[in-house]
Amino acid sequence: ELSVRAAEGVRDLCLVPGNYGRAVARNLGIAGGRIVTMSNYVGFALEKIAELPLKGILLVGQVGKLMKVAGGSLHTHSRYSDGRRETFAALAAREGAGPSDIASILEANTLDEAVTTFQGRPWRDAALRAGAERTAKRAALAAPALDKVGAVLFTLPDRIVAASKGVEELLRRLEAQP
């Protein structure tokens, strides 16, 4: 699908893990033909993108899935990687979360649960933005020829909780393409 889109002249794409990400991307105004499902294979998709004449990508995914990427995992299936809570806990600690909050994050059943539990805490949004930035940075490192990489994190069903810098420009580019 990546190769087909590139052959059609598309230069900017939105990558999503699955149907929830696709729905959020559509709600952001991204044309359906610009959205590619990568499933758990973030690294594989980025390797292919590095071989194509693409200019920008926007990753849109559930906070737990993309926090794995922020932590360095490019294959996000639960059988092969985790670290989503640990990555968020480290970012939260850096932003001022206390020991009991860190423990709660690490003990949460899902990252959605932890993110929702700490809504309104001063460190939460900063930690989520840092996670979005790290996700975009990891993707950019895997596909260095791209001129713009961004990330949007959401909780279920479709509440956006963070976006990396430059997402607005990518959204304009994704909307403007024929």
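One can find the structure itself at the top, above this paragraph.
Every value quoted in this text rests on a predicted model; they were computed, and no experiment measured them.

1. Re the overall build of the protein chain
Okay, step 1: Along the protein chain, the regular secondary structure elements total 9 helices and 5 strands.
Okay, step 2: The linear arrangement of helices and strands in the protein chain, starting from the amino end, is α-β-α-β-α-β-α-α-α-α-α-β-β-α.
Okay, step 3: By the compact-globule yardstick of 16 Å for 178 residues, the protein chain fits well, its C-alpha radius of gyration being 16 Å.
Okay, step 4: Taken along the three principal axes of its C-alpha coordinates, the protein chain extends 50 × 30 × 25 Å.
Okay, step 5: For the protein chain, the residues scored as buried account for 51% of the 178 residues in total.
Okay, step 6: Accessible surface for the protein chain amounts to roughly 8300 Å². Of this, 50% is attributable to carbon and sulfur atoms.
Okay, step 7: Within the protein chain, the 19 negative side-chain charges are centred at a point lying 2 Å from the centre of the 24 positive side-chain charges.

2. Thoughts on the sheet that holds strand β3 (residues 56–62)
Okay, step 1: As summarised here, the arrangement of the 5 strands in space is β2-β1-β3-β4-β5, forming an open sheet in which the pairing is mixed. Looking at the sheet topology across the chains shown, the edges are occupied by β2 (35–37) and β5 (159–163). Strand-to-strand twist in this sheet, taken as the mean axis angle between neighbours without regard to direction, amounts to 25°.
Okay, step 2: Bridge count between strand β4 (residues 148–155) and β5: 4 bridges; the pairing is antiparallel. Pairing of F154 across the sheet is with I160, part of β5.
Okay, step 3: The strands that helix α4 (residues 63–70) touches are β3 and β4; relative to β3, the one it contacts most, it runs at about 125°.

3. A word on helix α5 (residues 84–94)
Okay, step 1: For α5, the full list of buried residues reads R84, R85, T87, F88, A89, L91 and A92.
Okay, step 2: Following α5 by one or two positions, G96 has its phi on the positive side, about 110°.

4. Comments concerning the pairing of strand β1 (residues 12–16)
Okay, step 1: Across the 5 residues of β1, 5 count as buried, placing the element largely inside the fold.
Okay, step 2: A two-sided burial pattern is seen for β1, the buried positions comprising D12, C14 and V16 on one face and L13 and L15 on the other.
Okay, step 3: With 4 bridges connecting them, β1 and β3 associate as parallel partners. In the strand pairing of β3, L15 is matched with L59.
Okay, step 4: Looking at chain direction, β1 and β2 are connected through 3 bridges and run parallel. Counterpart to C14 in the pairing with β2 is I35.

5. Concerning the nonpolar core
Okay, step 1: The biggest cluster of nonpolar side chains holds 46 residues, and the ones touching the most others in it are L15, I49, I57, L59, M67, F88 and L153.
Okay, step 2: For this core, the element with the highest residue contribution is helix α8 (residues 124–142), accounting for 6 residues.
Okay, step 3: Leaving out residues up to four positions away in the same chain, I57 has contacts with L13, L15, L46, I49, A139, L146, K148, V149, G150 and L170.
Okay, step 4: A25, I35, V167 and L171 belong to the second-largest nonpolar core, a separate cluster that totals 14 residues.

6. A short note on the environment of K65
Okay, step 1: Assignment of secondary structure puts K65 in helix α4.
Okay, step 2: Taking relative accessible area as the criterion, K65 reaches 22% and is therefore assigned partly exposed.
Okay, step 3: In this structure, the C-alpha to C-alpha distance between K65 and A163, residues 98 residues apart in sequence, is 14 Å.
Okay, step 4: Setting aside anything within four residues of it in sequence, one finds K65 in contact with P17, N40 and T76.
Okay, step 5: Polar contacts involving the side chain of K65 include one to the side chain of N40, which spans 2.4 Å.

7. Observations concerning the environment of G61
Okay, step 1: Among the secondary structure elements, G61 is positioned in strand β3.
Okay, step 2: Residue class for G61 comes out buried when judged on its relative accessible area of 0%.
Okay, step 3: Look past the residues within four positions of G61 in its chain and what remains in contact with it is P17, L66, V152, L153 and F154.

Scoring rules and cut-offs
- Residues numbered from 1 in each chain as written.
- Predicted model: local features only at pLDDT ≥ 70, side-chain atom pairs only at ≥ 80, totals over all residues.
- Heavy atoms only, no water.
- Helix = DSSP H or I, 4+ residues; strand = E, 2+ residues; numbered from the N terminus.
- Rg over C-alpha atoms; globule rule 2.2 N^0.38 Å.
- Buried < 20%, exposed > 50% of the residue type's maximum accessible area, 1.4 Å probe, protein only.
- Areas by Shrake-Rupley, 256 points an atom, 1.4 Å probe, with all protein chains shown as cover.
- Lys, Arg positive; Asp, Glu negative; His and termini not counted.
- Charge placed at Lys NZ, Arg CZ, Asp CG, Glu CD.
- Pairing = 2+ DSSP bridges.
- Axes fitted to C-alpha atoms, helices over the stretch in contact; angles between N-to-C directions.
- Contact = heavy atoms within 4.5 Å.
- Core = buried A, V, L, I, M, F, W, Y, C linked by side-chain atoms within 4.5 Å.
- Polar contact = N/O pair within 3.5 Å; in protein donor to acceptor, adjacent residues only side chain to side chain.

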